[in-house]
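Below, each chain spelled out in residue letters.
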Amino acid sequence: MAINTQVQDGIARIELARPERKNAITAEMYGQLAEALAAAAQDDAVRAIVVHGASTVFCAGNDIQDFLERPPLSEGSSAVRFMKALAAQEKPVIAAVNGAAVGIGTTLLMHCDLVYCADDAMFSMPFVSLGLCPEFASSLLVPLSAGYHKAAEKLLLGEPISAEEGSRYRPRRRSKWAW
């Protein structure tokens, strides 16, 4: 299983556990993430949720081969179910980031309540260089937290953002998206 879950002392821990692929997310993993969030939401003993990566990387983004074979083309896709579950989560979602957070690895952080970063955390949104449009409201949320010009620079040029630089962006209020 590429997603490990554990509930202890009121904390649901959700781990991206595919270190051999730098925790790149597959369609199956999106489904497991959606299920883990739903289970945490239903468990009255869970007071908060922590999402983190295994090993030295938070998330390398989508597993490109899997993404090409099983693109999320419908509202019922596992990727959309996961992002809806994350955006609608009523319990606090905390991300612990070490190493790289690429593409969806960065985007999902914008839907968390708190993000804690190790000194080696590095964020990247290489959508334009890959010929993709930013996903799941990142083109709206980055400007809200970083300002238009900095967001344009990061989204259009795909330049990485260090943990130190990211900490200077003003926090945004978490909003519940009406999907």
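So, how was this worked out
Residues numbered from 1 in each chain as written. Predicted model: local features only at pLDDT ≥ 70, side-chain atom pairs only at ≥ 80, totals over all residues. Heavy atoms only, no water. pLDDT = per-residue confidence, 0-100. Helix = DSSP H or I, 4+ residues; strand = E, 2+ residues; numbered from the N terminus. Contact = heavy atoms within 4.5 Å. Expected span 1.5 Å × (residues − 1). Buried < 20%, exposed > 50% of the residue type's maximum accessible area, 1.4 Å probe, protein only. Core = buried A, V, L, I, M, F, W, Y, C linked by side-chain atoms within 4.5 Å. Salt bridge = Lys/Arg side-chain N within 4 Å of Asp/Glu carboxyl O. 1 Å grid on protein atoms, 1.4 Å probe; cavity = no way out; pocket = protein on both sides within 12 Å on 5 of 7 lines; lining within 4 Å. Points joined across faces, edges and corners; volume = space filled by probe spheres on them. Nonpolar A, V, L, I, M, F, W, Y, C, P; charged D, E, K, R; others polar.

## Things to note about the confidence of the model for the chain
Turning to step 1, where the next piece is worked out: Looking at the chain as a whole, its pLDDT mean stands at 85, while 79% of the residues score no less than 70.
Turning to step 2, where the next piece is worked out: Per-element averaging of pLDDT across the chain places helix H5 (residues 138-146) at the bottom with 66 and strand E2 (residues 11-16) at the top with 98.
Turning to step 3, where the next piece is worked out: Of the regions scoring below 50 in pLDDT, residues 172-179 engages in 23 contacts with residues more than four places distant in sequence or in other chains.

## Remarks on helix H1 (residues 27-42)
Turning to step 1, where the next piece is worked out: Taking 1.5 Å as the rise per residue, H1 with 16 residues should run 22 Å; its terminal C-alpha atoms sit 23 Å apart, in good agreement.
Turning to step 2, where the next piece is worked out: Every buried residue of H1 is listed here: Ala 27, Met 29, Tyr 30, Gly 31, Gln 32, Leu 33, Ala 34, Ala 36, Leu 37 and Ala 40.
Turning to step 3, where the next piece is worked out: Buried residues along H1 sit in contact with strand E1 (3-8), E2, strand E3 (48-53), helix H2 (64-69), helix H3 (78-88) and helix H4 (104-107).

## Observations concerning the nonpolar core
Nonpolar side chains in soluble globular proteins tend to be buried together.
Turning to step 1, where the next piece is worked out: Judged by nonpolar contacts, the single largest core of 38 residues is most densely connected at Ile 49 and Phe 82.
Turning to step 2, where the next piece is worked out: When residues of this core are traced back to their parent elements, those giving at least two are E2, H1, E3, H3 and strand E4 (93-97).
Turning to step 3, where the next piece is worked out: It is H1 that provides the largest number of residues to this core, a total of seven residues.
Turning to step 4, where the next piece is worked out: Not counting residues up to four positions away in its chain, the partners in contact with Phe 82 are Tyr 30, Leu 33, Ala 34, Leu 37 and Leu 108.

## A short note on the side chain of Ser 78
Turning to step 1, where the next piece is worked out: Here Ser 78 shows up in helix H3.
Turning to step 2, where the next piece is worked out: Not counting chain neighbours up to four residues away, the residues in contact with Ser 78 comprise Ala 27, Tyr 30 and Gly 31.

## Some thoughts on the pattern of salt bridges
Turning to step 1, where the next piece is worked out: All chains considered together, the criterion is met by four salt bridges.
Turning to step 2, where the next piece is worked out: Taking the shortest distance from any N to any O, the salt bridge between Arg 18 and Asp 63 comes out at 2.9 Å. With a gap of 45 residues between them, Arg 18 in the loop between E2 and H1 and Asp 63 in the loop between E3 and H2 connect regions that are remote in the sequence. The residues Arg 18 and Asp 63 share a single accessibility class, namely buried.

## Looking at empty space enclosed by the protein
By rolling a water-sized probe across the atoms, one finds the places where empty space is left.
Turning to step 1, where the next piece is worked out: What the rule picks out here adds up to one cavity of 30 Å³ or more.
Turning to step 2, where the next piece is worked out: Estimates place the volume of the largest cavity at around 40 Å³.
Turning to step 3, where the next piece is worked out: Around the largest cavity, the lining residues are Ile 14, Leu 33, Leu 37, Val 51, Phe 82, Leu 86 and Leu 108.
Turning to step 4, where the next piece is worked out: Of all the elements in the fold, those that place two or more residues in the lining of the largest cavity are H1 and H3.
Turning to step 5, where the next piece is worked out: Partitioning the lining of the largest cavity into residue classes produces seven nonpolar, no polar and no charged.

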